[in-house]
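Reading the structure
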Amino acid sequence: MSKEELKRAAAAQALAYVENGMQLGLGTGSTAKHFVELLGERVRDGLRVIGVPTSEVTRADAERCGVPLTTLDEIDHLDLTVDGADEIDPSLNLIKGGGGALLREKIVAAASARMVVISDDSKWVDTLGRFPLPVEVIPFGLGATRHALAAAFAQAGVGGEISLRQGKDGHAFVTDGGHWIVDAHLGRIPDPPRLASLLSAIPGVVEHGLFIGLAKTVILAGSQGLRIVDRPAGRV
Ligand SMILES: O=C(CO)[C@H](O)[C@H](O)COP(=O)(O)O
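Being a predicted model, the structure only gives us computed values, none of them experimental. (Residues numbered from 1 in each chain as written. Predicted model: local features only at pLDDT ≥ 70, side-chain atom pairs only at ≥ 80, totals over all residues. Heavy atoms only, no water.)

Check the secondary structure of the protein chain and you find six helices and 13 strands. Dimensions along the principal axes, computed over C-alpha positions, put the protein chain at roughly 55 × 35 × 35 Å. Looking at the protein chain residue by residue over its 236 residues, the buried ones come to 50%. Sequence-distant contacts, at least 24 apart, represent 74% of the contacts inside the protein chain between residues at least 6 apart. With an accessible surface of roughly 10,500 Å², the protein chain has 52% of that area assigned to carbon and sulfur atoms. (Helix = DSSP H or I, 4+ residues; strand = E, 2+ residues; numbered from the N terminus. Buried < 20%, exposed > 50% of the residue type's maximum accessible area, 1.4 Å probe, protein only. Contact = heavy atoms within 4.5 Å. Areas by Shrake-Rupley, 256 points an atom, 1.4 Å probe, with all protein chains shown as cover.)

Encoded structure:
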């Protein structure tokens, strides 16, 4: 199976968690796009759901696929969010934000009773950090924010280069919220919850790509088939 087929297989399995009448968070990225397309097929067959997209790209995909949409202004909670991830560890902590949608993705996941992550099995790692950690920042005061980030990384016992993400036009990549993203090349994050708290305390940081304790279930598709992993009880 190709990587795209694996992603689609994981997305198809996530449909098993969808029930009639549900309010759904719709993730961003190539794997989440498969889910939106498959959900659209079900909607055309009569499934009644309403979705909140986590990015403008996903909004356009969902509209194209005929999935009815709302916002977290009109409703205040979701039953289920289905989203991809860049890395997943055995405690089901995640790195997200490779596609630049981490802020809306985290708001939507936090408003959901359940977050199901769909992925091919290449994203499963023993320790988070090989994938550069995205941090969404306010453009104002970037130098000071970078300095504070470096201090937080040192305090957490990690270190590495911090780079400002660039868009296809060669300028700073701008998120749907009008912010910038820096990617921190840390290699290894031994204590993700501690690093997450340190990053959240920095004024210029809008949000970071560590998703701690949000994913309840991960559906991994690999050459041997599907593996469903639920978060171990009591683990953050
Ligand atoms: O966090 C994300 C976007 O901000 C994506 O879920 C993540 O980057 C995975 O994307 P893909 O499914 O394309 O590998």
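Text resumes after the structure shown.
Another aspect to go through is the environment of Ala184. You can see Ala184 is positioned in strand S9 (residues 180–184). Every residue in contact with Ala184, bar those within four places of it in the chain, is listed here: Pro132, Leu133, Phe153, Glu161 and Ile162.

Using the residue numbers shown here, the UniProt feature "active site" (unreviewed entry) corresponds to Glu105. The residue Glu105 is located in helix H4 (residues 102–110) in this model. The buried category is assigned to Glu105, whose relative accessible area is 3%. (UniProt positions renumbered as here; feature names shortened; annotations may be inferred.)

Attention now moves to the domain arrangement of the protein chain. Frequently, the measure chosen for interface size is the accessible area removed from exposure when the parts meet. The domains assigned to the protein chain are domain 1 (3–124 + 213–225) and domain 2 (133–206). Once you take the C-alpha centre of each, domain 1 and domain 2 turn out to be 24 Å apart. At the junction of the two partners, domain 1 supplies 13 residues and domain 2 supplies 13 residues. Between domain 1 and domain 2, a total of about 860 Å² is buried, with carbon and sulfur atoms accounting for 61% of that surface. Run the count over domain 1 and domain 2 and you get one salt bridge. Measuring nitrogen to oxygen at the nearest pair gives 4.0 Å for the salt bridge that ties Asp176 to Arg104. On inspection of domain 1 and its partner domain 2, the count reaches four residue pairs in polar contact (both at pLDDT 80 or more). (Domains from an automatic or database assignment. Buried area = accessible area lost by both parts, 1.4 Å probe. Salt bridge = Lys/Arg side-chain N within 4 Å of Asp/Glu carboxyl O. Polar contact = N/O pair within 3.5 Å; in protein donor to acceptor, adjacent residues only side chain to side chain.)

An α-helical turn contains 3.6 residues, so a residue and the one three or four places further along point in the same direction. Look at helix H1 (residues 3–14): 17 Å from first C-alpha to last across 12 residues, which is about the 16 Å you get at 1.5 Å a residue. Buried residues along H1 sit in contact with helix H2 (30–44), strand S3 (78–83), strand S6 (112–120), strand S12 (217–222) and strand S13 (225–230). (Expected span 1.5 Å × (residues − 1).)

Turning our eyes to something else, we now look at H2. Here H2 spans 22 Å end to end across 15 residues, near enough to the 21 Å set by a 1.5 Å rise per residue. Looking at H2, one finds that the buried residues are Thr31, Ala32, His34, Phe35, Val36, Leu38, Leu39, Gly40 and Val43. In the core, the buried residues of H2 are packed alongside H1, strand S1 (23–26), helix H3 (56–65), S3 and S6. The first or second residue beyond H2 is Gly46, which carries a positive phi of 115°.

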